[in-house]
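# Notes for the structure review
Chain by chain, the residues:
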Amino acid sequence: MAGIPLRCRCGRMRGVARAVSPSGGFRFVCYCKDCQAFARFLEQPDVLDAAGCTDIFQMPPGHVTFTAGLDAQRCVRLSRKVLRWYANCCRTPIANTAADPRFPVAALIHSIMDCATDGRSRDALLGPPLCRIYEHSAIGSLPSNAAPPPSLRVFARRATKVLGWWIRGLARPNPFFDDRSKAPRSVPRVLTPRVDRR
Ligand SMILES: [Zn+2]
Ligand SMILES: [Zn+2]
């Protein structure tokens, strides 16, 4: 179990992801068009690999805390169900969450996790990606060492984890939603397909 510093590119937004380990979360890579559109909106092409995938670590929101730069926290959405969070100071992507704060998952994007600080690799801290999803939306050929397609076993593993986080009440405190009003801490801006998604 490790505490991984969270840090936007410019260092204004900072925080920590606690109790991180390969078994304490669920790492995967996503090739979907919405993740790609989010990276393009942020003008951060290096968030994606050459084939257009985003490296994501799902973990309980209750283990994520921001300690500085909260005023820079912003949110967009491309669909009804998913909120996409970023640091407005330097446009670093932070995480995807459900639009409902009761859903016990925060999907941290690799850019915000400062894995290198304690000298361990991302693979050592989080484990390798367990699967890839939406590969039909890839924009290039997948590397030979790409994560495997999802199997029933991997789906079941994720479902068990999410259920466990829910049972343990780890949806809270949720750093992306106001505790009292349950509203997103930043009003989601809707990205329209025509203007923002190209
Ligand atoms: Zn920043
Ligand atoms: Zn995606």
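Heads up: these notes are all about the structure in this document. Each chain carries its own residue numbering, running from 1 in the written order of its sequence. For naming, the first written chain is A and the first written ligand is 1, with later ones following in the order written. Given that the model is predicted, a residue must reach a pLDDT of at least 70 before its local features are reported, and side-chain atom pairs must reach 80 or more before they are shown or counted; all residues, however, enter totals for whole chains, interfaces and linings. The side-chain figures draw on all heavy atoms in the structure; neither hydrogens nor water molecules are used.

Taken together, Cys30 (SG), Cys32 (SG) and Cys35 (SG) make up the protein donors of the zinc ion (ligand 2), found 2.1 to 2.2 Å from the metal. Mapped onto the sequence, the donors of the zinc ion (ligand 2) take the spacing C-x1-C-x2-C. Accessibility classification places cysteine 32 together with cysteine 35 in one group, the buried group. Coordinating donors are taken to be N, O and S atoms lying within 2.8 Å of the metal, or within 3.2 Å when the metal is Na, K or Ca; because water is excluded from the atom set, some sites may appear incomplete. Residue burial is assigned from relative accessible area. The probe radius is 1.4 Å, only protein chains are included, and a residue is buried under 20% of its type maximum, exposed over 50%, and partly exposed in between.

This next bit is on the coordination of the zinc ion (ligand 1). For the zinc ion (ligand 1), every protein donor is listed as Cys8 (SG), Cys10 (SG), Cys89 (SG) and Cys90 (SG), and the spread of their distances is 2.3 to 2.4 Å. Square planar and octahedral assignments, for four and six donors respectively, both demand that opposite donors be over 155 degrees apart and that all other angles lie between 65 and 115; tetrahedral needs four donors with all angles between 85 and 135 degrees, and anything else is irregular. Considering all four donor atoms around the zinc ion (ligand 1), angles at the metal cover 104 to 120° and the coordination shape is tetrahedral. Read N to C, the donor residues that coordinate the zinc ion (ligand 1) are spaced as C-x1-C-x78-C-C. Residue cysteine 10 is classed as partly exposed on the basis of its relative accessible area of 43%.

Residues enter patches when their relative accessible area tops 30% and they take part in no salt bridge; the joining distance is 9 Å for like charges and 5 Å for the nonpolar side chains Val, Leu, Ile, Met, Phe, Trp and Tyr. To measure how exposed things are, a 1.4 Å probe is used in the Shrake-Rupley method; for residues, cover is taken only from the protein chains shown. Note on definitions: salt bridges are taken to be side-chain nitrogens of Lys or Arg within 4 Å of carboxyl oxygens of Asp or Glu. Among the surface-exposed residues, Leu163, Trp166 and Ile167 lie close enough to one another that they form a single nonpolar patch of about 370 Å² accessible area. Every helix listed is a DSSP run of H or I at least four residues long, and every strand listed is a run of E at least two residues long, numbered separately from the N terminus. Mapped onto the secondary structure, isoleucine 167 falls in helix α3 (residues 152-167).

Turning to the sheet that holds strand β7 (residues 82-87), a few remarks are in order. Two modes of strand pairing occur in sheets, parallel and antiparallel, and in both the strands are linked by backbone hydrogen bonds. One bridge is not enough; two strands pair if DSSP finds at least two bridges between them. Strand order in this open sheet of eight strands is β10-β3-β4-β9-β8-β7-β6-β11, and the pairing throughout is mixed. Whereas interior strands pair on both sides, the edge strands pair on one side only; in this sheet they are β10 (132-133) and β11 (189-190). In this structure, strand β3 (residues 26-30) lies alongside strand β4 (residues 54-59), joined through five bridges in antiparallel fashion. Considered in β4, the bridge of arginine 27 is made with phenylalanine 57. This element, helix α1 (residues 33-41), spans β3, β4, β6 (73-77), β7, β8 (92-98), β9 (106-109) and β11 of the sheet and lies at about 25° to β7. Contacts are assigned to residue pairs with any non-hydrogen atoms lying within 4.5 Å of each other. Here the axes come from fitting lines to C-alpha atoms, over the contacting stretch only for helices, and the angles between their N-to-C directions go from 0 to 180 degrees.

Our next topic: the packing of aromatic side chains. Each aromatic ring pair is summarised here by two numbers: the centre-to-centre distance and the angle between the ring planes. Here is the rule: rings of Phe, Tyr and Trp (six-membered ring for Trp) pair when centre to centre is within 6.5 Å. Planes less than 30 degrees apart are stacked, more than 60 are edge-to-face, and the remainder are tilted. According to the stated counting rule, one finds six aromatic pairs in the structure shown. Geometrically, the ring pair formed by phenylalanine 41 and tyrosine 86 is edge-to-face, given 5.6 Å between the ring centres and 80° between the ring planes. Of this pair, phenylalanine 41 sits in helix α1 while tyrosine 86 sits in strand β7, placing them 45 residues apart in sequence. Take phenylalanine 41 and tyrosine 86: they sit in the same class, and that class is buried. A ring pair is formed by phenylalanine 66 and phenylalanine 176, whose centres lie 5.9 Å apart and whose planes are at 75°; its orientation type is edge-to-face. Note that phenylalanine 66 is positioned in strand β5 (residues 64-68) and phenylalanine 176 in the loop between α3 and β11, a separation of 110 residues in sequence. The exposure class assigned to phenylalanine 66 is buried, which follows from its relative accessible area of 8%. Its relative accessible area of 0% is what places phenylalanine 176 among the buried residues. Taken together through their ring pairs, the aromatic side chains of Phe66, Trp85, Phe176 and Phe177 make up a single cluster. Charge over a ring is defined by NZ of Lys or CZ of Arg lying within 6 Å of the ring centre and within 35 degrees of the ring normal. Here arginine 91 stacks its cationic end above the ring of phenylalanine 41, 4.8 Å away from the centre of that ring.

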